[in-house]
Amino acid sequence: MKKITLLLMALMLMGTAQLNGQITTKPTIIRDLRTTVNTKTITIRDGVKYVGDFNGGLAWIKPTNGEWFVIDKAGNKQFTLPKDWRPAQVTESNEFLSSVNFDNGRMMIVTGSNYKETASIIDTKGNTIKKFEKVRHVTSLNDGLAIMERMKGREWLPVYIDANGNEVPCALLKPKGAWDFHYNVYQMKEGLRLYYNYKNKTWGYMNAKCQGVIPAKFKDAYSFSRDGLARVQDQNGLWGYIDTSGNYAIEPMFTNKVGAFYGGLAKVTDKTGQTVYFINKQGKFVYQFTPDTSVLIEDYIWAGNNIYSVWTFGGCPNIINSSFKSVAKLPVNGIGDISGRVSQATANWFIFTNGSYNRIFDWQGNQLASYESHDDYCGHYFSEGLCANGVNYFNEKLEIVIQFKDSQF
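Residues numbered from 1 in each chain as written. Predicted model: local features only at pLDDT ≥ 70, side-chain atom pairs only at ≥ 80, totals over all residues. Heavy atoms only, no water.

S.K.: If you had to explain the packing of aromatic side chains to someone new, which residues and values would you point to?
M.R.: Scanning the entire structure with this criterion turns up 28 aromatic pairs. Here the aromatic rings of Phe350 and Trp363 are separated by 4.5 Å at their centres, their planes lie at 35°, and the arrangement is tilted. Linking Phe350 in strand S27 (residues 349-354) with Trp363 in the loop between strand S28 (357-362) and strand S29 (367-372), this pair joins segments that are 13 residues apart in sequence. Each member of the pair, Phe350 together with Trp363, is buried. An aromatic cluster of three or more residues is present, and its members are Tyr50, Trp60, Trp68, Phe79 and Phe102. Over the ring of Phe69 we find Lys77; its NZ or CZ atom is 4.4 Å from the centre of that ring. Looking at Arg231, its charged tip hangs above the ring of Tyr222, at a distance of 4.0 Å from the centre. (Phe/Tyr/Trp six-rings, centres within 6.5 Å; stacked < 30°, edge-to-face > 60°. Helix = DSSP H or I, 4+ residues; strand = E, 2+ residues; numbered from the N terminus. Buried < 20%, exposed > 50% of the residue type's maximum accessible area, 1.4 Å probe, protein only. Lys NZ or Arg CZ within 6 Å of the ring centre and 35° of its normal.)

Okay, structure coming up:
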């Protein structure tokens, strides 16, 4: 096991907080959601049930009583799915399992029950690329790959399908039967995607051609981060990090689950979970702090080409830079704000979310806007310049671009 050199920093977090005690809370510049003369209004009887994020200039909408349809960013309807058809992301047990969108201009749609399904791959015009009869357990396309079960001989067997509807030969172990697992196709990260060996109950990584590149030998695993490392758990239950070759960059040594790497830093804890450390990609400890119950130490996040975190101490959320110093304090209006989280970050601003209440700050701590989400499925994220809050789309100026209204009759 690689020897880990412990380099404790002399400056602890509370010391940093005292050092930065001169920092004052920035003025609040709140803008509310508002309509303009350019707002597009779409009237739908009984209103909408799902308002999806934009992807490739298109977004999926589900009326409360009606069929799924697609709009463009001007609010124009592009096409409607036939009656009883739905995106494959939508299941019977969980109607909105994940964000519904196209995968590089293609989407898998299904109709029927889990045992008599029909599936189709469609393009952004609603045209059918390929149709599949008598299938079941169909997944959505994810980076050009989907899984479905087809009857072969006298048994149902899973097959991998590409974006054109062709079966992809896959050297990975394929399970039989579907009662004790749920199929999942993971995203490509750093040229690799996770897969699960159901026989051995272990995780590995495959390439875009469905070829196993890193053997499934991990008890648990996560996708690779932008830093080129993935966190994995070995068969002894210890966590470490591997590189894209499958070699350990940091040997398993952590009892508790570790954080992902962002900008060369990852958060880990000791086995009691009481002491927080940050390590670099060489496995060296570069920061340590033992917080009390009033302190919340979060992972770092990417903000363009920089990284920041929002930690709560002294009864106030603080923006923390990569040198572990407070940049600014955020204005708070109660304990609920203190327990919020960063739900999205860009190079210029981030969204601080607590339940359905969202506030937008820049990285100097200025509060730019606030808004409320009206559904549980999306609404905290800007996608292609627009954000859905369950009843409308608005831009970064908090101007409502598209709004949905219930018919009066």
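S.K.: I'd like a rundown of the sheet that holds strand S6 (residues 86-87), residues and numbers included.
M.R.: In spatial order, the strands read S6-S7-S8-S9-S10-S11; together these six strands make up an open sheet with antiparallel pairing. Each end of this open sheet is capped by a strand with a single partner; those strands are S6 and strand S11 (155-162). Relative to S11, strand S10 (residues 145-152) runs antiparallel, the two sharing eight bridges. Along S11, the bridge assignment pairs Arg150 with Leu157. (Pairing = 2+ DSSP bridges.)

S.K.: I'd like a description of the side chain of Asp162, backed by residues and values.
M.R.: Structurally, the position occupied by Asp162 is in strand S11. The buried charged residue Asp162 lacks any salt bridge partner; its closest oppositely charged side chain belongs to Arg106, at an N-O distance of 7.0 Å. Only 2.9 Å separates the side chain of Asp162 from the backbone nitrogen of Asn164, close enough to count as a polar contact. Apart from the residues lying within four places of it in its own chain, the contact partners of Asp162 are Ile121, Leu141, Gly144 and Val168. (Lys, Arg positive; Asp, Glu negative; His and termini not counted. Salt bridge = Lys/Arg side-chain N within 4 Å of Asp/Glu carboxyl O. Polar contact = N/O pair within 3.5 Å; in protein donor to acceptor, adjacent residues only side chain to side chain. Contact = heavy atoms within 4.5 Å.)

S.K.: Now, about the sheet that holds strand S19 (residues 266-269): what can you tell me, with residues and values included?
M.R.: Read across the open sheet, the three strands follow the order S19-S20-S21; overall the sheet is antiparallel. Whereas interior strands pair on both sides, the edge strands pair on one side only; in this sheet they are S19 and strand S21 (285-289). In this sheet, neighbouring strand axes are inclined to one another by 25° on average, regardless of whether the strands run parallel or antiparallel. For S19 and strand S20 (residues 276-279), the ladder comprises four bridges, and the chain directions are antiparallel. (Axes fitted to C-alpha atoms, helices over the stretch in contact; angles between N-to-C directions.)

S.K.: Explain the pattern of salt bridges to me, using residue names and the numbers behind them.
M.R.: Any two side chains of opposite charge can pair, so long as their charged atoms come close to each other. Counted according to the given criterion, the structure contains five salt bridges. Ionic pairing is found between Arg136 and Glu149, a salt bridge with its closest N-O pair at 2.5 Å. Taken together, the residues span a long stretch of sequence, with Arg136 in strand S9 (residues 128-136) and Glu149 in strand S10 at a distance of 13 residues. You'll find Arg136 and Glu149 in the same group, each marked buried. A cluster of three or more residues bridged by salt bridges with shared partners is formed by Arg150, Lys152 and Glu167.

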